[in-house]
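Chain by chain, the residues:
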Amino acid sequence: MSKDNCKKALHIRNAFLSLTSLFILLEIAIIFQLNQPLKIIIEDMSTEEKLFVQNIEYGEHFTVNYIHSVERSPVSEVFEVRSDGIYTMESHTESFGAGMPYEGEDVEIDDGKFIIKNINRKVHGGTLRIRPSSVFPHHIVIGDKDILISEAPYKGKNLEVKLMKGYFRGD
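What this report covers is the structure whose coordinates are included nearby. (Residues numbered from 1 in each chain as written. Predicted model: local features only at pLDDT ≥ 70, side-chain atom pairs only at ≥ 80, totals over all residues. Heavy atoms only, no water.)

Okay, the pattern of salt bridges next. For the coordinates displayed, the defined rule picks out nine salt bridges. A salt bridge links glutamate 43 to lysine 50; the shortest N-O distance between them is 3.7 Å. The partner of lysine 157 in a salt bridge is aspartate 44, with the nearest N and O atoms 4.0 Å apart. Of this pair, lysine 157 sits in the loop between strand 11 (145–148) and strand 12 (159–165) while aspartate 44 sits in strand 1 (residues 38–44), and the two are 113 residues apart along the sequence. Owing to a relative accessible area of 5%, aspartate 44 belongs among the buried residues under this scheme. Where salt bridges share partners, they join Glu43, Lys50, Arg129, Glu160 and Lys162 into one cluster. (Salt bridge = Lys/Arg side-chain N within 4 Å of Asp/Glu carboxyl O. Helix = DSSP H or I, 4+ residues; strand = E, 2+ residues; numbered from the N terminus. Buried < 20%, exposed > 50% of the residue type's maximum accessible area, 1.4 Å probe, protein only.)

See the structure below:
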């Protein structure tokens, strides 16, 4: 084998090894990106302080329960976690007064409550914004956690409930 042929073979081998290494690194990066744990975060909007962080899965639901300030009746809103944000799925109310939720495909009455189902509407920007009441209890129920956001450290703050992917604590 001539010296030029050896150089060509060496260049081809190096190019092949470089492309193979690049392909393997890209596969690893894609696998890590697709398998990142999803977190639901309750954050103070003004300081961006994370007040609550918990792992959650796509398709999982969480609920916001509160007393409507005008109607003085309980409201329960059900949200679903999706890859592109948070979606309003259901609303449970006792009346259809001013400021009460009313949109949806299906409305049922169960035990004196109106249940609006199949709302299936993305929350504006994919992030839920809440100002908890200081007068009535305001809860967010995520899995088996019932978070009373009408008390410290949530009380008096504008909150964002949002989703984030990440491997690290600070993510």
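Right, let's talk about the packing of aromatic side chains for a bit. Aromatic rings in a pair are described by how distant their centres are and how their planes are angled relative to each other. All told, the structure shown has one aromatic pair when counted by the stated rule. Summarising the aromatic geometry, the rings of phenylalanine 62 and phenylalanine 79 are spaced 5.3 Å apart at their centres and angled 20 degrees between planes, so their arrangement reads as stacked. Of this pair, phenylalanine 62 sits in strand 3 (residues 61–67) while phenylalanine 79 sits in strand 4 (residues 74–82), and the two are 17 residues apart along the sequence. Note on accessibility: phenylalanine 62 and phenylalanine 79 belong to one class, buried. (Phe/Tyr/Trp six-rings, centres within 6.5 Å; stacked < 30°, edge-to-face > 60°.)

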